[in-house]
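Chain by chain, the residues run as shown.
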There are 2 protein chains.
Amino acid sequence: MAHDKTTVRNIIDKVKAEGRTSLTAPEGKLVCDAYGIPVPQEGVAKSAQEAVRLATQMGFPVVLKIVSPEILHKTEAGGVLVGVKDAGAVEQGFRTIMDNARKYNDKANLVGVQVQQMLQGGQEVIIGSVTDPSFGKLVAFGLGGVLVEVLKDVTFRLAPLTQDEALGMLDSIEARDVLKGVRGQPPVSREALALILTQVGALVSDFPEITELDLNPVFATPTGAIAADVRIVIGEPLPAKYRPSQQEIVRSMNRIMKPDSVAVIGASPEAGKIGNSVMKNLINGGYKGQIYPIHPKADEIMGYKAYRSVKDVPGDIDVAVFAIPAKFVAQALTEVGEKGIPGAVLIPSGFAETGNVEGQQEIQAIGRKYNVRLMGPNIYGFYYTWKNLCATFCTPYDVKGHTALSSQSGGIGMAIIGFSRSAKMGVSAIVGLGNKADLDEDDLLTFFEQDDNTNVVAMHCEDLKDGRSFAEVAKRVSKKKPIVVLKAGRTSLGARAAASHTAALAGNDKIYDDVLRQSGVIRAPGLRDMLEYARAIPLLATPAGENVIIITGAGGSGVLLSDAVADNGLNLMAMPQDLDAAFRKFIPPFGAAGNPVDITGGEPPTTYKNTIRLGLTDPRIHAIILGYWHTIITPPMVFANLVVEVVDEMKAQGIHKPIVASLAGDVQVEEAAEHLFQHGVPAYPYTTEMPVAVLSAKYKWARGAGLL
Amino acid sequence: MAHDKTTVRNIIDKVKAEGRTSLTAPEGKLVCDAYGIPVPQEGVAKSAQEAVRLATQMGFPVVLKIVSPEILHKTEAGGVLVGVKDAGAVEQGFRTIMDNARKYNDKANLVGVQVQQMLQGGQEVIIGSVTDPSFGKLVAFGLGGVLVEVLKDVTFRLAPLTQDEALGMLDSIEARDVLKGVRGQPPVSREALALILTQVGALVSDFPEITELDLNPVFATPTGAIAADVRIVIGEPLPAKYRPSQQEIVRSMNRIMKPDSVAVIGASPEAGKIGNSVMKNLINGGYKGQIYPIHPKADEIMGYKAYRSVKDVPGDIDVAVFAIPAKFVAQALTEVGEKGIPGAVLIPSGFAETGNVEGQQEIQAIGRKYNVRLMGPNIYGFYYTWKNLCATFCTPYDVKGHTALSSQSGGIGMAIIGFSRSAKMGVSAIVGLGNKADLDEDDLLTFFEQDDNTNVVAMHCEDLKDGRSFAEVAKRVSKKKPIVVLKAGRTSLGARAAASHTAALAGNDKIYDDVLRQSGVIRAPGLRDMLEYARAIPLLATPAGENVIIITGAGGSGVLLSDAVADNGLNLMAMPQDLDAAFRKFIPPFGAAGNPVDITGGEPPTTYKNTIRLGLTDPRIHAIILGYWHTIITPPMVFANLVVEVVDEMKAQGIHKPIVASLAGDVQVEEAAEHLFQHGVPAYPYTTEMPVAVLSAKYKWARGAGLL
């Protein structure tokens, strides 16, 4: 589809030159024409005969409207007639309108009467575009009328968008079935709607000055779609955002996250001081690189030679950790810049979060000037376990693993540390982002993408400074590594609190939701979910297909697990007859047929073993959910051991399937669940929801990454 | 509103006599007239003149339809004209229809032409009634068209219903705002819709043979509502359900649940046997009443004199626990009946759940004959801690408290026991209901209602055999004691598994959802939620109003807690200026204004103390959510102790408000949370969702009980 950019450019320039912020209807129509967006046929008639000719060409009924620069309120002037049905009525209508207009204002310049095709029938939809401070240009789609206005059933995509993405939008609204035809209506043309969506996306991307666009309503029929009304608002394009190249980010981030030398600005021998905690954590954490305490007077701190300034340190420094009051940061940061250190970890608070916006802008400018990337300010610091690096004032964390976590808030960071330690979760990194004066989630993702120690990333954030960059990076990274995001400030109440907390503009949550999904991100509904996903996802094999089965000793668990499967968008496999028969060989005659496979409660370990082995072996089954029921015949640890045994046996044969377990029983199931987890099987006592939720998170990732 | 029952009775009798299962349109109209349900005006014209007269009376446009017993497919016969606009058209239309009908079937008896008021404008809604096997007659309400058909936006109430309940239905659909007027439409008459709803409820209650009723569409306007089309299906009324009086239930249940003497049928000295486990649990659990082992041969079991039959026991027996194979149950149950024992706890499996439906019906009949109430079969038994009674084959449970729990499934029962023990949850009773051959949740509720040791009831169920009774009892009991229900088989997938598990017909989940809410029941979304609600609700004071505040040391927790508040339907109080100022006195100048009260992270214990005390003291605040952030300045146990101290101080002054806490920090927060819980403050580490969810559960109860 060719885009006539020149026409649009001229119109917008004219509107700007005239100091207007919105386009007239004819201008809007011309813009649509230039981008192949269908609008009703229309023309201006200077005589009744011409009106009849135009109307006959476009087909009846038509709308007639006076055209006069002096008459703005056309209806008030008696200058509008709708549903004009035939040639005779058009001829009569032309005269009536001209007479009315003359009577209304006898000095008005009557250009003529606009004859417009009158649309009727078809499904009303709304297509539009908005400009979001974080995500930039977005295209919106919803059904017209009550559904959008009352139920807010609308979906967003980043502009520009492909035809596939546009078609995907049609399936992303709740009332999607309406487009397929209900109550005897035929289905609408999906291609025609997708075309308008892609063209709108192209238009607003080509012309950033278009801050808002509304095609409302668009009439969609089985053969086409026509925008009946066009509204275009122009304004200032968003300022360009600072964004180093991927290569630059990776180069700096590798030095910051995996440093061979660390300077501690504000290092202190005095217990209770942040600069003392940081030193202790570096040393006690077992960091093997160089540590340079920076202190205005001391010659030595905790056994390390101290320097007055980073500039006095003889060798290279990869990262400087700041543990000094806010007011001293700018000066020290300048020295860090002069020394050529690529990263500053700004623990101090006292910047934008306390209203000191200028202070934050000042250090931001210094960072840009010297090309120093800033983490924070107002953070706990960060951990990188594979370097034994605890560049924080919190307690060390030493369980090495492959989950990377970040948080915008310090409190949430502490919850991450506590949960991880309690769950013995293997972690590669934990990072505080705080006020995000510079480093944002997309920078972290760019690092974790190429970090071999990380295979899943979980992030808590309240906003994304550059949502568009995040979406781009996430889309790429999520193809390789699962990304879990807990977006706080989801609700309007939460968003209000976010605004007061970080002075961040919390975006419309529906936009976040759609864009994150579009980027292959797994969105966690709450903090605990994020933590559980982060813990379980790396343990789960990637499923090869959508067929999930439940094998349960407790029928009651089977029902609840089935509920959870449906709630979480997983698919209980329809059990093939031969497979059903194969399972039945192992279970009592009254065990339930189908899926869940109900092995019944009083069964010995062999029954669990045989059925689990069959589930893992049969290639039609892609994932297994176990429901364990504590009995004397198969006690919890016996169950845990047999599961591990069968899973390992299958792994040795090259069979890797995701498997999770729900344990119903007395307190011994807690130990059994822990044993299973430590052997790679996510297992949970007293819940039928969590095992299914983490399996579903893995599925969401696999689907988003195109692996299913 | 007078109900003309005679007319309806006559019509239904006629339909039945003619072997039909549905009413004709004119019959449906007469039924509506008899119950004051407005329908379009209509009449049958035998001449064109009469047609014109009728049409003129009711107003144009009208619909004309042939009336002939021989012509069923009126449209096919050319016998229908819609939108007939004036007298001339009616006259012409009458002739056309009669001519067409004659040509279509020249032998047909042409009675005349029906002239019907043609409705247009207004909002289309659907009002109907269905008969549910568990709940009986229900009235349904939804918006017409796409909203009901595509989005399933519909709500149900038990019939009959009051005007208040009917008005409540209008607010229970998602698209409720449509009725209030959107897009320039005026609001519809709520009274007119409520009237139809109550009349439908009365009609189907008066005539149980009406198994289905549809008024679709009903046109609702600002001044009235008219049912444009009526469809009524008749069939067999539901069979009456066995239901002892409340007094009888209480009498039997008190003896069963709090027995002074227990017979163990199938008691065994042999370890590993169920009859041995039951004996051991009774003895080791510390039960102080009489224990009578029943055994075919033994004279003594585990130090207790054994009997051949319960009939040989000299004194009264309150309850008999069965630990014998299914095939022996009927005989032993007959003896229990002959002995006059009021209750049998049927642990054995091998009944309906394994396909042995006849066996279950047999014992059901024996129970009815002798007035023995049956618990089970296919259960683990039950606990009643205040009698030190463990009538189960599981392990004893001894933490006395005020939460009663029940489960339909044995596996879920084991999860209840494990969680309760792990959480040190005080419990009054844990009951297995299994196949529910007799005792159902409503019997249990009737007992717990008057049981002074119980102040909250949590139930897992897959179906309700008599949902109507449950709703009645729950509506009464929930006014006094909170009832939590985990309804499994919620989803169609879950419902399928339920059917195969307990041979239970899982009801439409939307019906359960609406009726449970209408009955004041708190519905738990999952197993863990049910358990957490059961644990926390009794600790929380009943809120005196809707004003919730968040006091947090972690701004990040404040945002997530705000999200949870909105998600859970709670109301963040709009902070009055004077109260805001009062809080500000205690917190740093950069602490956030409003609600959440963000005291910021580095604050000492006194800041938490002062703000919490203010929150408890100010009468405008009704509930408090705490967000704790682990710091060196206020470590976890210091926080826990100060909270308990302030709460106790306030209690001493007669101030009782619900207060919950979310703890973000390193692993020490787990101990702090436990300490808080043990001192009456529900507190949770690593989650911002659960504390708000349990507070919300308490609010749901208080609202349902009319306390707010």
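Structure shown above.
Residues numbered from 1 in each chain as written. Chains lettered and ligands numbered in written order. Predicted model: local features only at pLDDT ≥ 70, side-chain atom pairs only at ≥ 80, totals over all residues.

Draft legend 1. Local environment of the sheet that holds strand β15 (residues 319–322) of chain A. All names here are of chain A. Pairing within the open sheet is parallel, and its 5 strands lie in the order β12-β11-β15-β16-β17. At either margin of the open sheet sits one strand with a lone partner, and together these are β12 (290–294) and β17 (373–375). Strand after strand, the sheet turns through a mean of 20 degrees between neighbouring axes, direction not considered. Here strand β16 (residues 343–346) pairs with β17 via 3 bridges, running parallel. Bridge pairing links valine 345 to methionine 375 in β17. Taken strand by strand, helix α8 (residues 246–257) contacts β15, β16 and β17, and its axis lies near 55 degrees from that of β16. (Pairing = 2+ DSSP bridges. Helix = DSSP H or I, 4+ residues; strand = E, 2+ residues; numbered from the N terminus. Axes fitted to C-alpha atoms, helices over the stretch in contact; angles between N-to-C directions. Contact = placed C-beta atoms within 7 Å.)

Draft legend 2. Here's a closer look at the nonpolar core. Within the largest apolar cluster, 423 residues are counted, with the highest numbers of intra-cluster contacts made by Val321 and Phe322 of chain A together with Val218, Val321 and Phe322 of chain B. By size, the runner-up hydrophobic cluster in this structure holds 19 residues, among which are Val52, Leu64, Leu81 and Val90 of chain B. (Core = buried A, V, L, I, M, F, W, Y, C linked by C-beta atoms within 7 Å. Buried ≥ 20, exposed ≤ 12 C-beta atoms within 10 Å, placed from the backbone.)

Draft legend 3. Summary view of the pairing of strand β8 (residues 210–220) of chain B. Residue and element names in this part refer to chain B. Counting buried positions along β8 gives 8 out of 11 residues, so the element sits mostly inside the fold. Where strand β5 (residues 123–132) lies against β8, 7 bridges are found, and the strand directions are antiparallel. Pairing of isoleucine 127 across the sheet is with leucine 215, part of β8. As consecutive antiparallel partners, β8 and strand β9 (residues 225–227) are separated by 4 residues.

Draft legend 4. Geometry of the environment of glycine 376 of chain A. All names here are of chain A. Take glycine 376: it is sitting in the loop between β17 and β18 (381–384). The exposure class assigned to glycine 376 is buried, which follows from the 29 C-beta atoms found within 10 Å. Distance from glycine 376 to valine 345, taken between C-alpha atoms, is 6.5 Å for residues 31 residues apart in sequence.

Draft legend 5. Structural view of the relation of the copies chain A and chain B. By a simple turn and slide, chain A fits onto chain B: the slide is 0.2 Å along the axis, the RMSD is 0.3 Å, and the turn is 180 degrees. Read as a symmetry element, the transformation amounts to a two-fold axis. The residues that chain A uses at the interface reappear at the interface of chain B in 99% of cases, marking a shared surface. (Least-squares fit on C-alpha atoms with pLDDT ≥ 70 in both.)

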